[in-house]
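Read off the chains here:
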Amino acid sequence: MGTREIKSPESVPETPASFAGTSSSSQRKKLSVFFIESDNRRMALGRGYTGGTTPVNVHGKPITDLSKTGGWIAALFIFGNEMAERMAYFGLSVNMVTFMFYVMHKSFTDSSNAVNNFLGISQASSVLGGFIADAYLGRYWTIAIFTTLYLAGLTGITLCATMNVFTPNQDQCDRLSLLIGKCEPAKSWQMTYLYAVLYLTGFGAAGIRPCVSSFGADQFDERSKDYKTRLDRFFNFFYLSVTVGAIVAFTLVVYIQMQHGWGYAFGALAIAMGISNMLFFLGTPLYRHRLPGGSPLTRVAQVLVAAFRKRNANFSSSEFIGLYEVPGKHSAIKGSGKITHTDDFRCLDKAALQLKEDGIEPNPWRLCTVTQVEEVKILIKLIPIPAYTIMLNVILTEFLTLSVQQAYTLNTHMGNLKLPVTCMPVFPGLSIFLILSLYYSTFVPLSRRITGHPRGASQLQRVGIGLAVSIISVAWAGIFERYRRNYAIKHGYEASFLSPMPNLSAFWLLIQYCLIGIAEVFCIVGLLEFLYEEAPDAMKSIGSAYAALAGGLGCFAASILNSIIKSVTGNPEKSQPSWLSQNINTGRFDYLYWLLAVLSVINFCAFLYSALRYKYRSEQKAEIMENKQNTPSMDAK
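Notes on the structure follow. All values derive from a computational prediction rather than experimental measurement.

1. Notes on the overall build of the protein
Okay, step 1: Counting its regular elements, the protein contains 18 helices and 8 strands.
Okay, step 2: When the 637 residues of the protein are sorted by exposure, 58% land in the buried category.
Okay, step 3: For the protein, restricting intrachain contacts to residue pairs at least 6 apart in sequence, the fraction spanning at least 24 positions comes to 85%.
Okay, step 4: Approximately 26,200 Å² of the protein is accessible, and the part contributed by carbon and sulfur atoms is 62%.

2. Points about empty space enclosed by the protein
Okay, step 1: Per the counting criterion, the structure on display carries 5 cavities of 30 Å³ or more.
Okay, step 2: Estimated volume of the largest cavity: approximately 630 Å³.
Okay, step 3: Forming the boundary of the largest cavity are 35 residues, of which Arg86, Phe90, Tyr239, Leu396 and Glu520 lie nearest the centre.
Okay, step 4: Of all the secondary-structure elements, those providing two or more residues to the lining of the largest cavity are helix 2 (71-102), helix 3 (108-124), helix 6 (188-217), helix 7 (227-260), helix 12 (390-408), helix 13 (426-451), helix 15 (509-534) and helix 16 (540-569).
Okay, step 5: Here the residues of the lining of the largest cavity sort into 23 nonpolar, 8 polar and 4 charged.

3. Brief notes about unusual backbone geometry
Okay, step 1: The backbone of Phe345 sits at a positive phi, close to 45°, despite the residue not being glycine.
Okay, step 2: With respect to the helices and strands, the residue Phe345 is situated in the loop between strand 3 (320-325) and strand 4 (353-355).

4. Section: the packing of helix 2 against helix 3
Okay, step 1: The geometry of helix 2 relative to helix 3 is characterised by a closest axis approach of 8 Å and an angle of 155° between their N-to-C directions. As summarised for this structure, helix 2 and helix 3 are arranged roughly antiparallel, according to the angle between their axes. Remark: the crossing between helix 2 and helix 3 carries right-handed chirality. The residues of helix 3 that touch helix 2, namely those facing Tyr89, Leu92, Ser93, Met96, Val97, Met100 and Phe101, are Phe108, Ser111, Ser112, Ala114, Val115, Phe118, Leu119, Ser122 and Gln123.
Okay, step 2: Grouping the constituent residues of the contact of helix 2 with helix 3 by class yields 11 nonpolar, 5 polar and no charged.

5. Overview of helix 2
Okay, step 1: Taking 1.5 Å per residue as the helical rise, helix 2 with its 32 residues ought to reach 46 Å, and the 46 Å between its terminal C-alpha atoms agrees with that figure.
Okay, step 2: Maximal helix bending in helix 2 amounts to about 40°, located at Asn95.
Okay, step 3: Burial runs high along helix 2: 25 of the 32 residues are buried.

6. Remarks on the packing of helix 15 against helix 16
Okay, step 1: Viewed as axis vectors pointing N to C, helix 15 and helix 16 meet at an angle of 155°, and their least axial separation amounts to 8 Å. Considering the angle they form, helix 15 stands roughly antiparallel to helix 16. Crossing of helix 15 over helix 16 shows right-handed handedness. Packed against helix 15, whose contacting residues are Leu527, Leu528, Leu531, Tyr532 and Glu533, the element helix 16 presents Lys540, Gly543, Ser544, Tyr546 and Ala547 at the interface.
Okay, step 2: Looking at the contact of helix 15 with helix 16 residue by residue, the class counts come to 6 nonpolar, 2 polar and 2 charged.

7. Thoughts on the pattern of salt bridges
Okay, step 1: Applying the stated criterion across every chain, the model contains 13 salt bridges.
Okay, step 2: Residues Asp343 and Arg346 are paired through a salt bridge, measuring 2.8 Å at the closest nitrogen-oxygen approach.
Okay, step 3: Of the charged contacts, one joins Asp344 and Lys381 as a salt bridge, the two residues approaching to 3.1 Å between their closest N and O atoms. Taken together, the residues span a long stretch of sequence, with Asp344 in the loop between strand 3 and strand 4 and Lys381 in helix 10 (residues 370-382) at a distance of 37 residues.
Okay, step 4: Residues participating in the shared-partner salt-bridge network are Glu82, Glu85, Arg86 and Arg209.

8. Focus on the pairing of strand 3
Okay, step 1: Burial analysis of strand 3 places 6 of its 6 residues in the buried class, which makes it a mostly covered element.
Okay, step 2: Bridge count between strand 3 and strand 4: 3 bridges; the pairing is antiparallel. Pairing of Leu323 across the sheet is with Leu353, part of strand 4.

9. Details of the nonpolar core
Okay, step 1: Counting 147 residues, the largest nonpolar core has Leu92, Met96, Phe99 and Phe530 as the members making the most contacts within it.
Okay, step 2: Top element by residues in this core is helix 2. It accounts for 16 residues.
Okay, step 3: Among residues more than four places away in sequence, those in contact with Leu92 are Phe118, Leu154, Ile157, Leu198, Thr201, Phe266 and Leu269.
Okay, step 4: If you look at the next biggest cluster of nonpolar residues, it comprises 16 residues, including Ala306, Phe320, Cys368 and Val376.

10. Digging into the packing of aromatic side chains
Okay, step 1: Taken as a whole and assessed by the stated rule, the structure comprises 35 aromatic pairs.
Okay, step 2: Consider the rings of Tyr140 and Phe280, whose centres lie 5.4 Å apart with planes at 20°: the pair is stacked. You can see Tyr140 sitting in helix 4 (residues 126-162) and its partner Phe280 sitting in helix 8 (residues 262-282), a full 140 residues away along the chain. The pair formed by Tyr140 and Phe280 is uniform in burial state, with each residue classed as buried.
Okay, step 3: Their ring planes at 75° and their centres at 6.2 Å tell us that Phe530 and Tyr616 sit as a pair that is edge-to-face. With Phe530 in helix 15 and Tyr616 in the loop between helix 17 (589-613) and helix 18 (617-630), this pair connects stretches of sequence that are 86 residues apart. Comparing Phe530 with Tyr616 shows no difference in burial state: the two are buried.
Okay, step 4: Grouped by ring-pair contacts, the aromatic residues Trp72, Phe79, Phe220, Phe234, Phe235, Phe237, Phe238 and Tyr532 constitute a single cluster.
Okay, step 5: Lying over the aromatic face of Tyr89, Arg86 brings its terminal NZ or CZ to 4.2 Å of the ring centre.
Okay, step 6: One residue, Arg311, lies across the ring of Phe308, its end atom 4.0 Å from the ring centre.

11. Quick look at the side chain of Glu520
Okay, step 1: With respect to the helices and strands, the residue Glu520 is situated in helix 15.
Okay, step 2: Buried and unpaired, Glu520 has Arg86 as its nearest opposite-charge partner, separated by 6.8 Å.
Okay, step 3: The residues contacting Glu520, other than those within four sequence positions of it, are Tyr239, Leu396, Ile432 and Val525.

Cut-offs used in this document
Residues numbered from 1 in each chain as written. Predicted model: local features only at pLDDT ≥ 70, side-chain atom pairs only at ≥ 80, totals over all residues. Heavy atoms only, no water. Helix = DSSP H or I, 4+ residues; strand = E, 2+ residues; numbered from the N terminus. Buried < 20%, exposed > 50% of the residue type's maximum accessible area, 1.4 Å probe, protein only. Contact = heavy atoms within 4.5 Å. Areas by Shrake-Rupley, 256 points an atom, 1.4 Å probe, with all protein chains shown as cover. 1 Å grid on protein atoms, 1.4 Å probe; cavity = no way out; pocket = protein on both sides within 12 Å on 5 of 7 lines; lining within 4 Å. Points joined across faces, edges and corners; volume = space filled by probe spheres on them. Nonpolar A, V, L, I, M, F, W, Y, C, P; charged D, E, K, R; others polar. Axes fitted to C-alpha atoms, helices over the stretch in contact; angles between N-to-C directions. Parallel < 35°, antiparallel > 145°, perpendicular 65-115°, else oblique. Left-handed = near helix turned anticlockwise from the far one by under 90°. Expected span 1.5 Å × (residues − 1). Bend = angle between axes of the 7 residues up to and from the residue. Salt bridge = Lys/Arg side-chain N within 4 Å of Asp/Glu carboxyl O. Pairing = 2+ DSSP bridges. Core = buried A, V, L, I, M, F, W, Y, C linked by side-chain atoms within 4.5 Å. Phe/Tyr/Trp six-rings, centres within 6.5 Å; stacked < 30°, edge-to-face > 60°. Lys NZ or Arg CZ within 6 Å of the ring centre and 35° of its normal. Lys, Arg positive; Asp, Glu negative; His and termini not counted.

What follows is the structure in structure tokens.
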């Protein structure tokens, strides 16, 4: 069957907007009218088009009775898996620094950087997990495979902590020997083994993280009237499960480590992950699935290649037939509905520009559908928002590692109870738990009166609130660290950086911890919901991976920043300690925190500029529909 032309530039006196931008704004908006639809379409990998975002079961067959699947019951099984994954993630992040220092005999700085790299790789490689899920396996099978790898990595770490063969000799290694670096260092093969199982765990997390939030959101019917409200509540409860996992890691796991040793602590994480895996698989009959849409990288590459090939073509040429799309309501991309044409990144529209020379069976590397082009546009438009959260993740990473050194110099007694230093990061988790519990009863009604938004604040407003609070948090951290350092020097603790000062409470750290917890609630939850709603149907996992990628880049940025500061501010020849000296009392952590505050202010201003210019897909679609209604039909002219 040949192509069916809906509109053609030859049939109207006006010419479509040229790529060079010489036509007026009103003419530019009329480009979306020129569409052709074809019943012939040769897709990459031999796939045809399917019914949009219709849920299917685990076997790929459409679900006839949606009432028996999905919803909050299915989401509970997914919450459990995420809770265990976060418990293991935070359990490793807070305990691995001290494990490497006390057991593997690495310096605090090297241990912190190693853990930062682990955190960074586990998050940055989430893009790979999102790609595999969207392209080939789907979210369910990606989670199933990578959660098994996660369990294998945790088992390997447990073996490292329980078997002496994997650790250096601990004889004659007292506190003084640790401080001056005289303990027997770990052998190269021992560190290689530890890094291998640690990164295997990180790789497992990389497959789970971009899929689990999207897979949970898939359980709700987007055609229901209260879909937006349910989705908003889902992401809040989802992050609540993340917080519960973190709280357990910072309390129960730390307690097990203090009472029974490293092997039992890491073993507890492995057992928790094993139980969550079993529960996740038990929920299989209840899950709703979305079909993978084929390789998103292939589709992106096709758009870029096709647009480059037709870079010299003109929208006003007599060879121009229209913008290409398949007929009907269904998209040519499996698991995706059609996307309305927009005027953003008009150079990419060249990929959908159909010329007479394309024929009736167009090559997808020369001609792409409008939906395929719009997918690429959306991915590009989404990049800046998660990029602005990198700075927040830098602060989170620094707090998670460097604040442990601060806590070692402070009194951690709560009455007669002495809290372990590694328990201190539990307080951001507790503040997050409290805020999420009160979010709908307190914040939403108050903010609704100010913003008029039905859910209290839009997604980007929540991200902005989080970034603003993070600035206050890191600024306070600088103020308190300056006070703590001066107090230590004044009272003779300058050389005793692992001795707690009895008259200075560690609970002053709670202010910065709780503030960063508030920032995390607003920023990360808002970002996850934003990416899920704005990402194309067949790229939801990659959209969610953007948030994890920002977290990973934040970890890497923290490591790079620490290395630069250590090399620039320190001078061993002159016995000048760096800002990040292992002896925190001679270092200048306060300068680092203030530097982060200045960078965060600059980052926040850039975010405001982008957020004010951003148009949500729903707003953009409504605007396009309004323009179509207000524009007289071509045929009437």
